[in-house]
Every structure is written in structure tokens, then in C-alpha cells.
Amino acid sequence: SPLWLEIQAPAELAAGLREGMNIKLVGSDISGKLIAIGRAVDAASQTILLRAEVSKGAENLRPGQVCEVEIASGNGPLRRLPAAALARIDGKAVVFVQSSNSDKGAQFAIKSVRIISQGGDGVMVDGLIAGERVAIKGVSGLKALATGVGGE
């Protein structure tokens, strides 16, 4: 104690990270804060090194253990989505999250997100809640239904 985690994160996340952001190990109550953000990109893996200090649950971890973490922005965990999942309505970036599922099919609601980074066929966003299901196909059709106009 204290325990530090070394986190390999995609380089595209760097622009949206700040020291002090909350981290949580996926599937556990173990949590802490981001204390350092590396500047160098590993050439082979295209990742940056992050360091987080575990403040809760450190006794449940072992040196060398591999685990998955969520980094929470002010609006929720950062999340990578296919670029096709993103739409723009009135100039704002949005996604369609599943709001219900019944025998008549899935229902979707519009949710605003903030783009952290974008590249290739992926986009990193915040503003989603962990576990929210996002439409990645048929987005232009959902947009047309939501706005009453044709797709992008």
C-alpha cells in the first residue's frame, strides 16, 4: 500500500485523459485515480503508459496480475465505438442506445456523446453509461425515424 497500476491504453485516448480521473477494475469494486499519463507511444502496440493509484481494494490484487480497467470521464466511462455508430443531429454527435426490447423489437433513444478522438473506422466517446447497448448498424435509418428526414 499504496498500489500503482500500470495501464497500457490506446494512444488515441491520450487527448481525453486528465490526471485525477477515476478508474475502476471491470467486474469488481476495486477503484482509484489516474496519477500519470505517459507522453511516449509504444511503437509496437501503439499504446501509452498510464499510472493509477488504487485507493480501494488494493489487497485483492497481486503483482504482475493482468486486469481490465474503465477510465471514467465526468460523463461516464470512455468507450470506443465503430464510426458507423455515430450520427450528427443539429450539429451534435449522438448515438442510439437501446431503451427497451420486446416481442415487437428493440427501441432506441438518442443520446448525446462527446467525441474524444476519431481515427480510421473507430471513435472514442464519453457520455455513455457502462453496459449501455449502442446501435452500430441501421444508424441512418434510426436517424431518419428520429428526425423525420432522410439519412446522412
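Residues numbered from 1 in each chain as written. Predicted model: local features only at pLDDT ≥ 70, side-chain atom pairs only at ≥ 80, totals over all residues. Heavy atoms only, no water.

(A) Broad picture of helix α1 (residues 139-147). Considered for burial, the residues of α1 that qualify are Val139, Leu142 and Lys143. Burial along α1 is one-sided: seen end-on, the buried residues are contained in an arc of 100°. Looking at the buried side of α1, the elements it contacts are β8 (87-89), β9 (92-102) and β10 (105-112). One or two steps after α1, the chain reaches Gly148, where phi turns positive at roughly 80°. (Buried < 20%, exposed > 50% of the residue type's maximum accessible area, 1.4 Å probe, protein only. Helix = DSSP H or I, 4+ residues; strand = E, 2+ residues; numbered from the N terminus. Arc of directions from axis to C-beta. Contact = heavy atoms within 4.5 Å.)

(B) How the structure looks around the pairing of strand β2 (residues 22-25). What you see with β2 is a clean split: Ile23 and Leu25 sit on the buried side and Asn22 and Lys24 on the side with no burial. Sheet analysis places β2 next to strand β3 (residues 31-41), joined by three bridges and oriented antiparallel. Pairing of Asn22 across the sheet is with Lys33, part of β3. Following β2, the chain reverses through five residues before pairing antiparallel with β3; Gly27 in that reversal takes a positive phi of roughly 75°. (Pairing = 2+ DSSP bridges.)

(C) Geometry of unusual backbone geometry. Positive phi, normally seen in glycine, also occurs at Gln46, with a value near 55°. Tracing the backbone through its elements, the reader meets Gln46 in the loop between β3 and β4 (47-56). In this structure, Asp90 is a non-glycine residue whose phi angle is positive, near 55°. Inspection of the secondary structure puts Asp90 in the loop between β8 and β9. Owing to a relative accessible area of 76%, Asp90 belongs among the exposed residues under this scheme.

(D) Quick look at the sheet that holds β8. Ordered in space as β8-β9-β10, the three strands form an open sheet in which the pairing is antiparallel. If you trace the sheet from one side to the other, it starts and ends with β8 and β10, each paired once. When the angles between neighbouring strand axes are averaged without regard to direction, this sheet yields 50°. When β9 meets β10, the two strands line up antiparallel, connected through eight bridges. Pairing of Ser100 across the sheet is with Gln107, part of β10. Each of β8, β9 and β10 is contacted by α1, which is oriented at about 15° to β8, the strand it contacts most. (Axes fitted to C-alpha atoms, helices over the stretch in contact; angles between N-to-C directions.)

(E) A look at the environment of Ala9. Here Ala9 is to be found in strand β1 (residues 3-10). Note: C-alpha distance between Ala9 and Ile37 (28 residues apart in sequence) is 9.8 Å. Residues within four places of Ala9 in sequence aside, it is in contact with Gln46, Thr47, Ile48 and Leu50.

(F) How the structure looks around the pairing of β9. In this sheet, β9 lies alongside β8 in antiparallel orientation, the contact comprising three bridges. The residue bridging Arg88 from the neighbouring strand is Ala93, located in β9. Between β8 and β9, which follow one another and run antiparallel, lie two residues, and Asp90 among them has a positive phi close to 55°.

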